[in-house]
Amino acid sequence: MIVFDRTCGTFTLHTRSTTYQMKADQYGVLLHTYYGPRVGEGDLSGLIQYADRGFSPNPSEAHPRRDYSLDTLPQEYSTCGVGDYRLSSVQVEQPDGSQALDLRYAGYEIRRGKYALPGLPAFRGEDGETLSISLRDPGSGVEAELLYGVFEDYDLITRAVQIVNRGEEPVKLQRVMSLCLDFLPLDLDLITFNGAHVRERWPDRAPIRPGVQGVGSSRGMSSHQHNPFVMICEHDTGEDHGVCYGAALLYSGDFEAMAERSQFGDIRLVMGLVQLQWTLEPGEVFAAPEAALVCSPSGFGQMSRQLHRAVRERLVRDPCQGGRRPVLINNWEATYFDFNKEKLLDIARAAAPLGIELLVMDDGWFGVRDSDTSGLGDWTVNEKKLPGGLGELVSEVRRLGMRFGLWVEPEMISEDSELYRAHPDWALGVPGRPGSRGRGQLTLDFSRKDVREHVYAALRKVLDSAEVSYLKWDMNRCLTDVWSAALPPRRQGETRHRYVLGVYEMLENLRRDYPHMLVEGCAGGGGRFDLGMLYYTPQIWCSDNTDAIDRLRIQYGTSFCYPACCMGAHVSAVPNEQTGRVTPLETRGVAAMSGAFGYEMDVGKCGEAEKAVIRTQVETFKTHYRLIQEGGYYRLTDPFADPELTAWAHVAPDGREALVSIVTGSGHAAPRFRLLRLKGLDPDAVYRINGGAELCRGSVLMNAGWPVPPLRGDYQSLQLHLEAE
Ligand code: DGJ
C-alpha cells in the first residue's frame, strides 16, 4: 500500500510486515525517514536529528540555518557537488563542465500495477503498485524519476531510476545508482557474497566501519568474485532473529554495491552503475536497472524465503509453467570435446532407463571445435562428429524417450573461426592494442545490432533444425579492451552497458521465438548468477565446481538470495574433476537434489548398484519436486561454521511436509552426539519420518531436535521426509 499524506508530505510504502517512508521537506529535499519492520501511520521525520556540524555546508535556501546540511541528513537519492560528501547516487557532467547536481522534489504519481522497464529485467505484477517521484535540478535540465514498486504480500519493494535530460545540450552520466538507502545511526554489519571461479558466493560478514566499503565488478559481468546481492543487519542478527535487509540488483554487468559509515555514524547503502560515461542527449531517458529490497524483522532465513517466493513467482518466467523441469544429463565432464553422435547416444541410452529426461550436448558440437582454441562464432553443426546434423541426433534421442538440449556461447568468438576471419572488427578490442584473451577467446561486440542479428540468425538456424527443448547459454571470459567499432570516441564509455542490454535483447528474443524452450544461464558456472539473468534464464549453472562438499558451501551462500529451483546442480563422477575428492554417490545426489537437478557424467560407466542408486535419486527428486522448488528453504546449519554437519530443509508452506537433507564432513572415531533442530514445522503436528514407524511432534523436532545417528565414513548423507499425520 502506498500512502501520500498531504498534511505532512510523507510517502509511506507498507508491505505486510515492513514500512518504508520518505518525505519532501520545506526545501524540496527528499528525505528518507525510515525503512524497517512495519510501524503504524504517521510522520517519522521526527527520527531525523538536526545539528550544526562544522564543515558540513548549508544550502542557500536554508540560510541562516546552520543545522541544515545535505551532508548530515538522510537522503532518498543523494546528489553530488552541492554539499553531500557521502556516496552519491548520481553523477553527471553538466554542459558547462561542472558536476553540480541538486535534485529537488517536483511531483509524484501513484499508479496501480507495477512499472516495467523496457529492455531491462524487472519484477512483474498487476497486483503491485507504483510510486513515481520526480526530482528536478533547478540549475540544469536534469531530472530523475524515482520509481518504487510495492509487492505487499511479498514484503518486496523494488526501485528503479530514470534520468531525463530536459535541457538543450547533452549531459554525461557518470554514475547512476538504482538504490540509495540511508539508515539512521545504528551499528550495522554488511554481508557480501564473494569468491572466484569454482568458489562462488561465500558469505563475508563485517561491521560497517567509518568510510566506504563494499563490492563491485568491472569485468563486464556480475562476476564470480562479487555478487550483486548484499545484506545489511544488526550485529546480533542471525538466521532466525534480528532485523536484516537484503538488496539485489537486477543486472548482469558492472556494478557497485557500497556502504558508507559517515562521520556521525549513519550508514548509506548505494547500488547501481558506475563509470558509465553515457551521453544523454536532450529529450533522452536513461533507465538504471531495477533493485529489489526486502527487510525481515526475524533473521536471514525469513528474508531469504521472502525473496525466494518473489523471485519464483514474480521474476522468473518459467517455460515449464508450474510443471516440473526435466532431470537432465550433460556430457561435459563425461566427454569434454571428445564426443560424437554414438558416444552421446550411449550416454542417453544408459540414462533414459534411469528416469533421466533430457540429454544436453555441451561444448564442441559446432564449427571446428576439438578444444577451446577454435570455432566459437561458427554456429553450424560439425557433421564429422554428428553425421546427419542435429535433426538425426535429436530424433534418436527422442526415440529413447528423452528430450534434447544444446550448449551455446553466443557472446564469444575464437580468432580461429570463419566468423573472425570474415569480421575481425566484430570482436571488442581497442585499435592498435593487442588485447587480452580469456580462455583463448575474444568477446563479440554485443553492443552492436548487426553483430547480434548475425549471431541470432545463426542460432535460429540451428534451433529450427531440430526440436531443442533446453538451451545452455554460456559465457567464458570477462570483458577487456572494451571498445566498439560502431561508436564514436566520446561514446565508447557506453559500450559496456550497451553490451549487457544487447545480451538481454537477445535473450528476450529467444523467449519470444522459443517460448517452450528452457534456457539455463551459465558463465563458467556462476559468473553471472544474478536476478537480471534469472529474468531471462529460469535457472543458472551454479558453479563449475561439481564437488558435492564444496557445493554445500556454494549453494549455502547462493541460497541467501536465490531460490533452489534456480541453481543448476548436477551429480558428477568421482574423483571429482575440480577437487579430486571422492564422495559417496548418495551424498552427491543429496547435494544436487537441492537445485535444478541433473547429472554430469557418463552413467553408462556405472555398475548396476550405482545405477540403482541413481534410479532412486531421480525418483526421490521427482517425488519431492514441488517441495524442493516451492517449499520454504530453511538453512539448519552453517557449513562454514560447522563443516562436520550441514543440513537444510525444504518445508511445505503449511509446514505439514518437509524434506530434510543432512551431509556429514570427514569421519572420525568416537563422534560426538548430534541433535539437529528442525525449523518451519507445525509445532502441534505429529510427523511420520520416512514413512516408517517413527513419529515425532513438531515442537519436539524444532525445540529439542532430531538425534542424528553416527554415520560411518567420510561425507555421508541422510534425507528425512516428514509428513504430518
Ligand atoms: C563452462 C561451463 O560452466 C561448463 O559447464 C561447460 O559448459 C564449459 N564451459 C564448456 O566449455
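Because the structure is predicted, anything quoted here is derived from the model rather than measured.

Rules and cut-offs
Residues numbered from 1 in each chain as written. Predicted model: local features only at pLDDT ≥ 70, side-chain atom pairs only at ≥ 80, totals over all residues. Heavy atoms only, no water. Helix = DSSP H or I, 4+ residues; strand = E, 2+ residues; numbered from the N terminus. Buried < 20%, exposed > 50% of the residue type's maximum accessible area, 1.4 Å probe, protein only. Contact = heavy atoms within 4.5 Å. Areas by Shrake-Rupley, 256 points an atom, 1.4 Å probe, with all protein chains shown as cover. Axes fitted to C-alpha atoms, helices over the stretch in contact; angles between N-to-C directions. Parallel < 35°, antiparallel > 145°, perpendicular 65-115°, else oblique. Left-handed = near helix turned anticlockwise from the far one by under 90°. Nonpolar A, V, L, I, M, F, W, Y, C, P; charged D, E, K, R; others polar. Core = buried A, V, L, I, M, F, W, Y, C linked by side-chain atoms within 4.5 Å. Expected span 1.5 Å × (residues − 1). Pairing = 2+ DSSP bridges. Arc of directions from axis to C-beta. Salt bridge = Lys/Arg side-chain N within 4 Å of Asp/Glu carboxyl O. Near = heavy atom within 4 Å. Polar contact = N/O pair within 3.5 Å; in protein donor to acceptor, adjacent residues only side chain to side chain. Disulfide = S-S within 2.5 Å.

Enquirer: How would you summarise the overall build of the protein if you had to cite specific residues and measurements?
Expert: Of the regular secondary structure elements, the protein holds 13 helices and 38 strands. Expressed as lengths along the three principal axes of its C-alpha atoms, the size of the protein is roughly 85 × 70 × 45 Å. The 725 residues of the protein split such that 62% are buried. A sequence separation of at least 24 residues applies to 69% of the contacts in the protein between residues at least 6 apart. Here the protein has roughly 26,400 Å² of accessible surface; of this, 50% comes from carbon and sulfur atoms.

Enquirer: Which residues make up the environment of tyrosine 514, and what values do they have?
Expert: Checked against the element boundaries, tyrosine 514 lands in the loop between α7 (495-513) and β27 (518-521). Overall, tyrosine 514 belongs to the buried group, its relative accessible area being 13%. Taking the C-alpha atoms as reference points, tyrosine 514 and methionine 593, separated by 79 residues in sequence, lie 27 Å from one another.

Enquirer: Any chance you could break down the environment of valine 482 for me, citing the residues and the numbers?
Expert: If you trace the backbone, valine 482 turns up in the loop between β26 (470-473) and α7. Measuring from C-alpha to C-alpha, the distance between valine 482 and threonine 443 comes to 9.1 Å, with 39 residues separating the pair along the chain. Contacts of valine 482, omitting those with residues within four sequence positions, involve Thr495 and Arg496.

Enquirer: Which residues make up the packing of helix α10 (residues 585-592) against helix α11 (residues 608-623), and what values do they have?
Expert: Running from amino to carboxyl end, α10 crosses α11 at an angle of 20°, the nearest separation of the two axes being 10 Å. Classified by the angle between their axes, α10 and α11 sit roughly parallel to one another. Considering only the axes of α10 and α11, their crossing is right-handed. Listed contacts from α11 to Leu585, Glu586 and Gly589 of α10 are Glu610, Val613, Ile614 and Gln617. Residues belonging to the contact of α10 with α11 are distributed by class as follows: three nonpolar, two polar and two charged.

Enquirer: Explain the nonpolar core residue by residue, including any values.
Expert: Counting 185 residues, the largest nonpolar core has Trp365 and Leu406 as its most contacted members. Counting residues per element, this core draws most heavily on strand β10 (residues 171-183), which supplies eight residues. Dropping the residues within four chain positions of it, leucine 406 is found in contact with Val360, Met361, Trp365, Leu390, Val462, Leu463, Val468, Tyr470, Leu471 and Lys472. Core analysis: the second largest hydrophobic core is formed by 23 residues, Leu676, Leu681, Cys696 and Val708 among them.

Enquirer: Explain the environment of leucine 463 to me, and be specific about the residues and the numbers.
Expert: Inspection of the secondary structure assignment puts leucine 463 in helix α6 (residues 449-464). Of the residues examined, leucine 463 reaches a relative accessible area of 6% and is grouped as buried. What leucine 463 contacts, discounting residues up to four positions off in sequence, is Leu406, Val468, Leu471, Leu510, Tyr514 and Met517.

Enquirer: Please provide a residue-by-residue account of α11, values included.
Expert: Taking 1.5 Å per residue, 16 residues should reach 22 Å; α11 reaches 22 Å between its end C-alpha atoms and fits that length. The inward-facing, buried residues of α11 contact β29 (567-572), α10, β30 (596-600), α12 (625-630) and β38 (717-724).

Enquirer: Now, about the sheet that holds β38: what can you tell me, with residues and values included?
Expert: Read from one edge to the other, the open sheet built from six strands follows the order β31-β32-β33-β38-β35-β36, with strand pairing classed as antiparallel. The strands lining the two open edges of the sheet, one partner per strand, are β31 (632-635) and β36 (695-697). On average, each strand axis in the sheet is inclined to that of its neighbour by 25°, with strand direction left out of account. One ladder, built from four bridges, connects β31 with strand β32 (residues 645-651); its direction is antiparallel. Pairing of tyrosine 634 across the sheet is with alanine 649, part of β32.

Enquirer: An account of helix α4 (residues 389-399) is requested, with residue identities and associated values reported.
Expert: Here α4 has its buried residues at Gly389, Leu390, Leu393, Val394 and Val397. Mapping the buried residues of α4 onto a view down its axis gives an arc of 150°, with all of them on the same face. Those residues of α4 that are buried lie in contact with α3 (341-351), β22 (358-361), β23 (403-408) and α6. Two residues or fewer after α4 comes glycine 401, characterised by a positive phi angle close to 85°.

Enquirer: Just give me the short version of the pattern of salt bridges, but keep the residues and values in it.
Expert: The full count for this structure, using the stated rule, is 60 salt bridges. Residue aspartate 318 pairs with arginine 325 through a salt bridge whose shortest N-O separation is 3.0 Å. Here aspartate 318 matches arginine 325 in class, with each residue buried. The residue lysine 341 makes a salt bridge to glutamate 396 at a minimum N-O spacing of 3.4 Å. Of this pair, lysine 341 sits in helix α3 while glutamate 396 sits in helix α4, placing them 55 residues apart in sequence. Here the salt bridges share partners, and the residues they tie into one network are Asp84, Arg86, Asp182, Asp266 and Arg268.

Enquirer: Describe the pairing of strand β3 (residues 18-24), naming the residues involved and giving the relevant values.
Expert: In terms of residue burial, β3 counts as a mostly covered element, since seven of its seven residues are buried. Alternating positions in β3 separate into two faces, Thr18, Tyr20, Met22 and Ala24 on one and Thr19, Gln21 and Lys23 on the other, with burial throughout. As consecutive antiparallel partners, strand β2 (residues 10-14) and β3 are separated by three residues. The pairing of β3 with strand β4 (residues 30-37) spans seven bridges and is antiparallel. When the sheet's bridge partners are listed, alanine 24 is paired in β4 with leucine 30.

Enquirer: Give me the lowdown on unusual backbone geometry, citing residues and values where you can.
Expert: With an omega dihedral of 10°, the bond running from histidine 63 to proline 64 counts as a cis peptide bond. In this fold, proline 64 is placed in the loop between β4 and β5 (90-93). The omega torsion across valine 574 and proline 575 is -10°, close enough to zero to call that bond cis. Along the chain, the position of proline 575 falls in the loop between β29 and α10. The phi angle at glutamine 277 is positive, at roughly 55°, despite the residue not being glycine. Mapped onto the elements of the fold, glutamine 277 is located in the loop between β17 (267-273) and β18 (278-280). Relative accessible area serves as the criterion here: at 31%, glutamine 277 is assigned to the partly exposed category.

Enquirer: Residues and numbers for the packing of α6 against α7, please.
Expert: In the contact formed by α6 and α7, the axes pass within 11 Å of each other and the chain directions differ by 30°. Compared by their axis directions, α6 and α7 come out roughly parallel. Between α6 and α7 lies a crossing of right-handed hand. Residue-level contacts link Arg452, Val455, Tyr456, Leu459, Arg460 and Leu463 of α6 to Gly502, Glu505, Met506, Asn509, Leu510 and Asp513 of α7.

Enquirer: Describe the site of the ligand, naming the residues involved and giving the relevant values.
Expert: Taken together, 13 residues lie near the ligand, and Asp362, Asp363, Lys472, Asp474 and Asp544 sit nearest. One nitrogen or oxygen atom from the side chain of aspartate 362 is found 2.7 Å from an oxygen atom belonging to the ligand. Partitioning the shell around the ligand into residue classes produces four nonpolar, three polar and six charged.

Enquirer: Could you give an account of the state of the cysteines, with specific residues and numbers?
Expert: A full pass over the atoms with the stated rule returns zero disulfides. In this structure cysteine 233 is a free cysteine whose sulfur lies 6.5 Å from that of cysteine 244, the closest cysteine sulfur available. Take cysteine 233: its relative accessible area is 0%, and that puts it in the buried class.

It is worth stressing that arrangement in space is one thing and function is another; only the former is reported here.
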